[in-house]
Amino acid sequence: ANPVRMTSQAADSMTLPTLVRDRRFVLYTVAMMLSLLAVQGVIAHRVARFEETGFPVTTVALWAAVASAMSLPGRWIAPRLAVRFGATRVQALIAAIVAASVLLMVDGTSQSQMISHFFLFGLAFGAMVPLRAMVMGGWFSGPGYGRIMGTQWTAVVLVAAAGPFLVGTIRDTTGDYSMSFYLLAAVLFAAAFVIAVSGRRELTH
């Protein structure tokens, strides 16, 4: 049997209960929830974090702009690596790199830590963006693909919206951002692990 045709037929006929029973889809969706929750928390608070450690807001904002520009090479490089090494493997590695960039924010008092954070985060975040479509496109195709992607992203966004609030709450409770970013790094490492595991799961219905 043609595996591409089988995947396409499965995507066209999938309902929400069927998706929930698909362990690969569920695992990968959980990983996306974790990674976006952490990313949203970082983006919402990173200027305040580095300002708190003594850097001028204009300097931090400039490097945030550099990070945004650095996302462009990542968007070009990641799909090529995914074709060669597998999308979930590459995405798991990139999630771990994002986690490493977050750890640079725990202390965040040196210029090298700040610059390294924005450089790594920008490059890796850009690389993450196209990989979800590649992973899901490898598992599902046909007219049902858009519906499946929309269903997944709705769940992901609703959970990830808590990221900035969680970071702010921990910062106000502890009086410092360090614990927040330790937690977000751990969440990203967990997401990397779950992405890798999801890539090893067979499609189940």
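Above this note sits the structure.
Described below are features of the structure shown in this document. These figures come from a predicted structure and were not determined experimentally.

Description of the environment of Leu131
Then step 1. Looking at the element boundaries, Leu131 is found in helix 6 (residues 111-139).
Then step 2. The exposure class of Leu131 is buried, given its relative accessible area of 0%.
Then step 3. Along the chain, Leu131 and Thr18 lie 113 residues apart, while their C-alpha atoms are 23 Å from each other.

With respect to a nonpolar patch on the surface
Then step 1. Residues Leu16, Val20, Val26 and Val30 make up a contiguous nonpolar surface patch of about 320 Å² in total accessible area.
Then step 2. Secondary-structure elements contributing two or more residues to the nonpolar patch are helix 2 (16-21) and helix 3 (23-52).
Then step 3. Tracing the backbone shows Leu16 in helix 2.

Notes on the pattern of salt bridges
Then step 1. The tally for this structure, following the rule as stated, stands at 3 salt bridges.
Then step 2. Residues Asp176 and Arg49 are paired through a salt bridge, measuring 3.7 Å at the closest nitrogen-oxygen approach. Within this pair, whereas Asp176 is found in the loop between helix 8 (162-174) and helix 9 (178-198), its partner Arg49 is found in helix 3, the two being separated by 127 residues in sequence.
Then step 3. Glu52 is paired through a salt bridge with Arg171; the nearest N and O atoms lie 2.4 Å apart. Of the two residues, Glu52 sits in helix 3 while Arg171 sits in helix 8, which places them 119 residues apart along the sequence.
Then step 4. Residue class for Glu52 comes out partly exposed when judged on its relative accessible area of 34%.
Then step 5. A network of salt bridges, in which partner residues are shared, links Arg49, Glu52, Arg171 and Asp176.

So, how was this worked out
- The residue count restarts for each chain, going from 1 along the sequence in the order it is written.
- This being a predicted model, a pLDDT of at least 70 is required before a residue's local features are given, and a value of 80 or more before pairs of side-chain atoms are given or counted; all residues contribute to the totals for chains, interfaces and linings.
- Remark: hydrogens and water are excluded; side-chain values derive from all non-hydrogen atoms of the structure.
- Secondary structure elements follow DSSP: runs of H or I of four or more residues count as helices, runs of E of two or more count as strands, with numbering from the N terminus.
- Classification of residues uses two cut-offs on accessible area relative to the type maximum, computed with a 1.4 Å probe and protein chains only: under 20% is buried, over 50% is exposed, and between them is partly exposed.
- Like-charged residues are merged into a patch within 9 Å and nonpolar side chains (Val, Leu, Ile, Met, Phe, Trp, Tyr) within 5 Å, provided each residue has over 30% relative accessible area and no salt bridge.
- Areas reported as accessible are Shrake-Rupley estimates using a 1.4 Å probe. Residue values count occlusion only from the protein chains shown.
- Any carboxyl oxygen of Asp or Glu within 4 Å of a side-chain nitrogen of Lys or Arg constitutes a salt bridge here.

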